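Chains, contacts and geometry: an overview
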Amino acid sequence: MNAKAQNLQALYAKTRLLLALWDLGANQQEVKKGLLTKRIVAKGQKMADYKGILEDLQEQGAVTVSKTGYTLKSPIGLDVLGAGLRSGEFKFEGTIVGTWAANALLRWIGQINVVAAPVASGGGVIGSYEEFKSEILDLFDKLDKSYSHAGLVPIWQIRKEVGNQLQRDQFNDWIMDMQAEQLLYLQSGEARGATEEQKQDSINSEIRGLLFFASKP
């Protein structure tokens, strides 16, 4: 299995797990371990298969795991779930979708305004740096191809695509972290004809000034 297929499988498993917790009411009270196991563990699987996913969700602050059960933390857990469901990559595996999953999705859609409330108050639906990296790298490739940027994608355009999924300061910090990891290189370049809004939506570095473009090292 290649890296992309592994990432898609991980996204599916994580989102399905979070959807199950939400459907069981884990954002209101602890859900017993046996209930979640019965809900998500398919034939041929075991709960231990989800150990790594649960550890990642704990690190993100999305889920709390105790000796007896699981709690879906608000707002981070709901944000991560929302990001997974909104992802263009997410889809159910196999040919048959469980009744619980279909009903949970219908209920989620019916309550979407309530679930998405943190966004209106400044929260984001990108719940972790790892999700941000994946999202930004995908956006970079899509924008580079769609607009023929020749490897120099305007930072303001990336920010615009992210929209209200993330607070401005968090976007700034995390995209700089991506440069530190050598995933992206932020540079000034020629910004002739750029509007004030586009300049404001770029990155201002105290040392290097206005960073207008992103490229891959």
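Summary of the structure given here. (Residues numbered from 1 in each chain as written. Predicted model: local features only at pLDDT ≥ 70, side-chain atom pairs only at ≥ 80, totals over all residues. Heavy atoms only, no water.)

A few words on the overall build of the chain. Summing up its helical and strand segments, the chain has 11 helices and 8 strands in all. The buried share of the chain, taken over its 217 residues, is 41%. For the chain, restricting intrachain contacts to residue pairs at least 6 apart in sequence, the fraction spanning at least 24 positions comes to 65%. Total accessible area on the chain stands at roughly 12,500 Å², and carbon and sulfur atoms take up 50% of it. (Helix = DSSP H or I, 4+ residues; strand = E, 2+ residues; numbered from the N terminus. Buried < 20%, exposed > 50% of the residue type's maximum accessible area, 1.4 Å probe, protein only. Contact = heavy atoms within 4.5 Å. Areas by Shrake-Rupley, 256 points an atom, 1.4 Å probe, with all protein chains shown as cover.)

This brings us to the sheet that holds strand β8 (residues 213-215). Read across the sheet, 3 strands follow the order β4-β8-β5 without closing on themselves; strand pairing throughout is antiparallel. Because the sheet does not close on itself, it has two edges, and the strands there are β4 (153-154) and β5 (185-187). Bridge analysis of β5 against β8 gives 3 bridges, and the strand direction is antiparallel. Across the sheet, tyrosine 185 pairs through a bridge with serine 215, a residue of β8. (Pairing = 2+ DSSP bridges.)

Let us now look at the packing of aromatic side chains. For any pair of aromatic rings, geometry is given as the distance between the ring centres together with the angle between the planes. Summed over all chains, the structure comprises 4 aromatic pairs. Seen in terms of ring centroids, phenylalanine 132 and phenylalanine 171 are 5.8 Å apart; in terms of plane orientation they differ by 85°. Their pairing is edge-to-face. You can see phenylalanine 132 sitting in helix α8 (residues 129-146) and its partner phenylalanine 171 sitting in helix α10 (residues 168-180), a full 39 residues away along the chain. According to the relative accessible area criterion, phenylalanine 132 is buried, its value standing at 0%. By relative accessible area, which is 2% here, phenylalanine 171 ends up buried. Among the aromatic residues, those joined into a ring-pair cluster are Tyr129, Phe132, Phe171 and Trp174. (Phe/Tyr/Trp six-rings, centres within 6.5 Å; stacked < 30°, edge-to-face > 60°.)

With that settled, consider the sheet that holds strand β3 (residues 69-72). Within a sheet, neighbouring strands are paired by backbone hydrogen bonds and run either parallel or antiparallel to one another. Sheet architecture is open: 3 strands sit in the order β1-β3-β2, paired in antiparallel fashion. Here the strands that pair on one side only, and so sit at the sheet edges, are β1 (31-32) and β2 (63-65). Here 2 bridges tie β1 to β3, and the two strands are oriented antiparallel to one another. Of the residues in β3, the one forming a bridge with lysine 32 is glycine 69. The sheet contacts of helix α3 (residues 51-60) involve β2 and β3, and relative to β2 the element is tilted by about 115°. (Axes fitted to C-alpha atoms, helices over the stretch in contact; angles between N-to-C directions.)

Another point: the environment of tryptophan 156. As for its placement among the helices and strands, tryptophan 156 is situated in helix α9 (residues 155-162). As for tryptophan 156 and isoleucine 203, which are separated by 47 residues in sequence, their C-alpha atoms are 8.3 Å apart. Aside from chain neighbours lying at most four places away, what touches tryptophan 156 is Gln198, Asp201, Ser202 and Phe212.

As for its placement among the helices and strands, lysine 199 is situated in helix α11 (residues 196-200). Filtering out sequence-adjacent residues up to four positions away, lysine 199 remains in contact with Ala194 and Leu210.

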